[in-house]
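# Breakdown of the fold
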Amino acid sequence: MQHQIRLGAGQLVDGRDGGSLLKARVPALLDAPDLGRAVHRLLDVYAEAAELDRERVRRWSQLHAVQAAFWGRRHGFRLTRARSAHANAGTDPLVRAAEHLAQLLTD
């Protein structure tokens, strides 16, 4: 079984890692009219294409979102640190997005 999923524009994601897939697709996902539906649809398609258990993919993706939120709160994200030296982790849009993704994946 092949474990590489092509996202387009030559970008490959390890087929066993839903978290990396979400990280790669965050900009497009955040523009979706229904973020929860878009995230679940992306992970469903991904799990089917990679021949993985959907629930396991969802839980691993949730772990990645929680880790990203924790990292962002603790250290800040480089992108937002560059924008504002006084950025508060609680108001950082990337931290909020990671927390929201983690919450969506609990359903």
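Residues numbered from 1 in each chain as written. Predicted model: local features only at pLDDT ≥ 70, side-chain atom pairs only at ≥ 80, totals over all residues. Heavy atoms only, no water.

### A few points about the pattern of salt bridges
Applying the stated criterion across every chain yields a total of four salt bridges. Here R59 ties to E55 by a salt bridge, and the two come within 3.2 Å at their closest N and O atoms. Taken together, the residues R59 and E55, both in helix 3 (residues 54–75) and four residues apart, mark about one turn of the helix. Judged by relative accessible area, which is 38%, R59 ranks as partly exposed. The partner of R73 in a salt bridge is E99, with the nearest N and O atoms 2.6 Å apart. With R73 in helix 3 and E99 in helix 5 (residues 93–104), the pair connects residues that are 26 residues apart, well separated along the chain. Look at R73 and you get partly exposed, because its relative accessible area is 44%. Overall, the relative accessible area of 28% leaves E99 in the partly exposed class. (Salt bridge = Lys/Arg side-chain N within 4 Å of Asp/Glu carboxyl O. Helix = DSSP H or I, 4+ residues; strand = E, 2+ residues; numbered from the N terminus. Buried < 20%, exposed > 50% of the residue type's maximum accessible area, 1.4 Å probe, protein only.)

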